[in-house]
Amino acid sequence: MRNHQREEKARNALLELFSKKTERIEYLNSVVALLKDWSQCSKIGIRILSTDGNIPFQSTVGYGEDFLESECWLALHIDNCICTRVVLGEPTESDEPYMTSFGSFYSGTSVHDFKSMGKAELALYRARCLRENFNSLGVIPIHYRDDLIGAIHLADENENTINRTIIDFIEAMSPLIGEAIHRFNVEDELQKSEQRFRFLAENSPAVIWQLDLQGNYIYLSPSIEDLLGYTVEEAMTLTMKDRLEPTDYDAAMSLLMEELQKDPEERARSRTLEFKQRRKDGHVVWTEVQVRLIEDTNGNITGLQGSTTNISPRKRAELERTVYLHKLEELTIELERANQIKNEFLANVSHELRTPLNSTMGLLKLIIDGLYDDDKELMDFVTTSHITLQGLTNIVNDILSLSQMQAGNIEFTYVEIPVEDICIKIESDYRSKIEGKGLEFNISNKVEQRVLVGVDWTNITLVIHHILENSIKFTNEGKIDIEVTQDEANDLIRFEVNDTGIGIEQDYEKDPFAPFVQLDGSTTREHGGTGLGLTISKIIIEKIGGQISIRSPGKDQGTTIEFTLPIYCEVEDDVQTNM
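All figures in this text were calculated on a predicted structure; none of them were measured in a lab.

1. Let's talk about the environment of P418
At step 1: Structurally, P418 can be placed in strand 11 (residues 414–418).
At step 2: Residue P418 is classed as buried on the basis of its relative accessible area of 9%.
At step 3: Measuring from C-alpha to C-alpha, the distance between P418 and G454 comes to 8.9 Å, with 36 residues separating the pair along the chain.

2. Digging into the sheet that holds strand 6 (residues 207–212)
At step 1: Across the sheet, which stays open at both edges, the five strands sit in the order 7-6-10-9-8 with antiparallel pairing between neighbours. At either end of the open sheet lies a strand with only one pairing partner, and these are strand 7 (217–220) and strand 8 (270–278). Across this sheet, the average inter-strand angle for adjacent strands is 25 degrees, counted without regard to direction.
At step 2: For strand 8 and strand 9 (residues 284–295), the ladder comprises nine bridges, and the chain directions are antiparallel. If you follow E274 over to strand 9, its bridge partner there is E288.

3. With respect to the confidence of the model for the chain
Low-pLDDT portions of the prediction should not be read for the details of their coordinates.
At step 1: Averaged over all residues, the pLDDT of the chain is 83; the fraction at 70 or higher stands at 88%.
At step 2: Counting interchain partners and residues more than four positions distant, the pLDDT-below-50 stretch residues 520–525 has eight contacts.
At step 3: Ignoring residues within four places in sequence, the model shows residues 573–579, a span with pLDDT below 50, making 10 contacts including any to other chains.

4. Overview of the side chain of S537
At step 1: Within the secondary structure layout, S537 lies in helix 18 (residues 533–544).
At step 2: Excluding residues within four positions of it along the chain, S537 makes contact with V463, H466, I467 and I548.

5. Some points on empty space enclosed by the protein
Vacant regions in the atomic arrangement are exposed by a probe of water-molecule size rolled over the atoms.
At step 1: Taken as a whole and assessed by the stated rule, the structure comprises three cavities of 30 Å³ or more.
At step 2: Volume-wise, the largest cavity comes out at about 330 Å³.
At step 3: Looking at the largest cavity, it is lined by 27 residues, and the ones nearest its centre are W209, M240, F275, V291 and L304.
At step 4: Partitioned by chemical class, the residues of the lining of the largest cavity number 19 nonpolar, three polar and five charged.
At step 5: The volume enclosed by the second largest cavity comes to roughly 160 Å³.
At step 6: Lining the second largest cavity are 17 residues, with C81, I82, A127, C129 and L137 positioned closest to its centre.
At step 7: Looking at the lining of the second largest cavity, the elements with two or more residues in it are helix 3 (65–71), helix 4 (82–88), helix 7 (128–131) and strand 4 (136–144).

Calculation criteria
- Position labels on residues start from 1 in each chain and follow its written sequence.
- pLDDT decides what is reported in this predicted model: residues at 70 or higher carry local features, side-chain atom pairs at 80 or more are listed and counted, and totals for whole chains, interfaces and linings draw on all residues regardless.
- To obtain the side-chain values, all non-hydrogen atoms of the structure were used and water was disregarded.
- Note on conventions: DSSP H or I runs of at least 4 residues are helices, E runs of at least 2 residues are strands, and numbering of each starts at the N terminus.
- Type-normalised accessible area, obtained with a 1.4 Å probe on protein chains alone, sets the label of each residue: buried when under 20%, exposed when over 50%, and partly exposed for intermediate values.
- Two strands are counted as paired when DSSP detects at least two bridges linking them.
- Axis lines are fitted to C-alpha atoms, over the contacting stretch for helices. Their N-to-C directions set the angle, which ranges from 0 to 180 degrees.
- For every residue, the predictor states its confidence as a pLDDT score lying anywhere from 0 to 100.
- A contact between two residues is defined here by any heavy atoms of the two lying within 4.5 Å.
- Only protein atoms enter the 1 Å grid used here, on which a cavity is any set of points holding a 1.4 Å probe that cannot leave and a pocket is any open set flanked by protein within 12 Å on both sides along at least five of seven lines; residues with an atom within 4 Å of a point are listed as lining.
- Grid points are joined across faces, edges and corners, and a volume is the space filled by probe spheres set on the points.
- Under this grouping Gly is polar, as are all residues other than the nonpolar Ala, Val, Leu, Ile, Met, Phe, Trp, Tyr, Cys and Pro and the charged Asp, Glu, Lys and Arg.

In structure tokens form, the structure reads like this:
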């Protein structure tokens, strides 16, 4: 009865130790002291299996320093000892008489028993316990579920101090002690893991974090200050909604709600997302966020964890690359367009040159061969050839003029000319030609005679030539009107040439002032020309200090070409001018 009470008392004491929140060494020392008091053994120790395959004593009482120095560390697969075989669960044949079904070894007459062994059997023991004259020995394995994680070592100089009653009791308590040791092992590993985690988190350029489902921080690494400018303490007071741009926050919450509504086996437990986050100073940074769901044992989502990295440099590089590719695409299109215009120009010029050349060559051949009827027909052949060659000269002159202008090799000689003189020049040079085509011609000068413009006379007449020749060429019926007005607010004289010709289609994409541009291939073939006239006119007008533009309501609705010249000065009526 007394033994039963002692066992019950010891059992309750062990349970109480198990339920207390203590440190590992404190718990082990308390267990060793309790077992020593209960068993009356003079020496008790607890060995625990380490990760490197040793079974050192982690708590002892009664053993001398010499014994502990030589026997504390035992290697499971190297040292021959009953202690290692108990922890491995691999007793030898010579151990069997001393083993229990639980896997414990004990002897109340160990010195006598071992002295009776032969040399081969005795070689399986280190025999340190025998040299210490321990007459009673016991080694009880410590279990955690199906695993052996250590052993309880009992020794005493007196015989029969250790008996089956003591062994049975300690065997019954072994799983409880094993459970406690496993708990300490897990806590130690968690502590080491947490230390490793904190070391990595605190030294990582990425921000490591944990959030609850309301978006509040549970943990936040110090690198948040580099990323967003907030200290950890400041950032911990912010929610996800405070940090993310509104559209990104809505997207993040939408994804979270989507995962919450899924069955656990269908969830995407990790995602890589890109968010814009606002720094403390107000600037926005692009971040890449690695997100993982935190789930409890029932599969319920309890929070989020992950890391955040600054990817603003990458985003800037991507944007620059996109802009570059867009510009490259535009340049490629422009080069293709320029190449197409060049090809069209070569085809046009080839046509414009070959047709009159062939005609002239034919007429000259007739003259050389004397194939004309009389002097009148001869003169007609010569006159036609001269007119044709003059047209060819104009084409060559246009090409040379454009080349010189684009190279900047043309000089302007400015003279002060009354606007009225320019209108008179237009009237005298073009009325007969326009009316000769059956078109009505009107010129309205609303500028006072005393107003002068400073222009290069040769080049301004070239502009007028190209503009009016264009209108005459593309107008088959109707009229050509010229209106000259004064823009006093801007000190400009405005020339507006209106015709009722073929006009320009609304969806026409080409720049009519670009070199070699024609309305289209068919127009070129029907009306001729190189497409250089407006280009040359634009260069000259802008050189003088004016502007030129072209507009049209649409196809077959006529065209208006407008150009301006800066006013040079206003003079008295009797002042002479140069032209």
